[in-house]
Amino acid sequence: MIYYYLTIALQVYCCYDAYKNKREVYWYAIVLFLPVIGALIYLFMNVFITKDAQEISNEITTAINPSKRIKELIEKVEFSDTFASRVALADAYFKSTEYQEALLNYQTVLDGPHKNDVYVQEQLVVTYYFLNNYEKVVAAATSLKANSEFKASKILFYLGLSYKALGKFNNAEKSFKALDVRYSNYQERLVFAQFLLEREKPKEAKELIEALLSEFNYMSSPNKKLHKTTFAEVKKLSDTIVLNHK
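Everything in this summary refers to the structure shown in the same document.

So, on to the overall build of the protein chain. Helix and strand content of the protein chain: 14 helices and zero strands. Ordering the α and β elements of the protein chain from the N terminus gives α-α-α-α-α-α-α-α-α-α-α-α-α-α. Expressed as a percentage of the 246 residues in the protein chain, the buried residues total 35%. Taking all contacts inside the protein chain whose residues are at least 6 apart in sequence as the whole, residues at least 24 apart take part in 43%.

What follows concerns the environment of Thr229. In this structure, Thr229 sits in helix α14 (residues 228–244). Its relative accessible area of 63% is what places Thr229 among the exposed residues. Along the backbone, Thr229 and Gln187 are 42 residues apart, and their C-alpha atoms lie at a distance of 9.4 Å.

Glancing now at helix α8 (residues 134–142). Listing the buried residues of α8 in full gives Val137, Val138, Ala140 and Ala141. Looking at the buried residues of α8, the elements they touch are α7 (118–130) and α9 (155–165).

Moving on, we get to the pattern of salt bridges. On inspection of all chains with the given rule, the structure shows eight salt bridges. The partner of Arg189 in a salt bridge is Asp180, with the nearest N and O atoms 3.0 Å apart. A salt bridge links Lys235 to Asp239, with the nearest nitrogen and oxygen atoms 2.9 Å apart. Of the two residues, Lys235 and Asp239 both sit in helix α14, four residues apart, roughly one turn of that helix.

The rules behind these values
- Residues numbered from 1 in each chain as written.
- Predicted model: local features only at pLDDT ≥ 70, side-chain atom pairs only at ≥ 80, totals over all residues.
- Heavy atoms only, no water.
- Helix = DSSP H or I, 4+ residues; strand = E, 2+ residues; numbered from the N terminus.
- Buried < 20%, exposed > 50% of the residue type's maximum accessible area, 1.4 Å probe, protein only.
- Contact = heavy atoms within 4.5 Å.
- Salt bridge = Lys/Arg side-chain N within 4 Å of Asp/Glu carboxyl O.

Next comes the structure, spelled out in structure tokens:
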């Protein structure tokens, strides 16, 4: 009996969706005369695949015309100013490099009950960095240090870069060094090696570069491909060290 009612409910849903979206008449016949199989075929062809295609289409549209996505998100915020809608708008501004607008929206949500949200706090730090407000980066990042996720976050990287920009090289080195973890943080460790060279520490830089090249030899093919650009820079830096510090 339950199976019967579930089948009817599924058919009703499919017919309603077909009516709402003005599907061809033959879909009604498929759903009604092939109760379960027909409904599943309809859902697969007109609901699941269509949604995936729509999502892909939205991503392409956003990449080509980010202002359209921002406009849509502004309308969502105006309709319902929630934490999720506001963060989505801030993220969209950030992706389109409109950092001042992104900052304003991140700050808005941190003024409310979500002031301790780690993701938004991290985004705030990175946004400050791209606005060249290095003092703010340090202040905002310091407030995150008590969080258990801090050591594994990208914040250490931007904190190190900000300390470097402020001329606080010992603090910068400490931040970069915390990211020197084997088989991870390849781009960050490359920057650390470059920093060590700038600080006239060729021995430490060489050790780090050799460790990176050694790890590259043990990486899987997909990972090698994924990090190809970074390791090309690592190899170039290695050659520079060999040439200048024989």
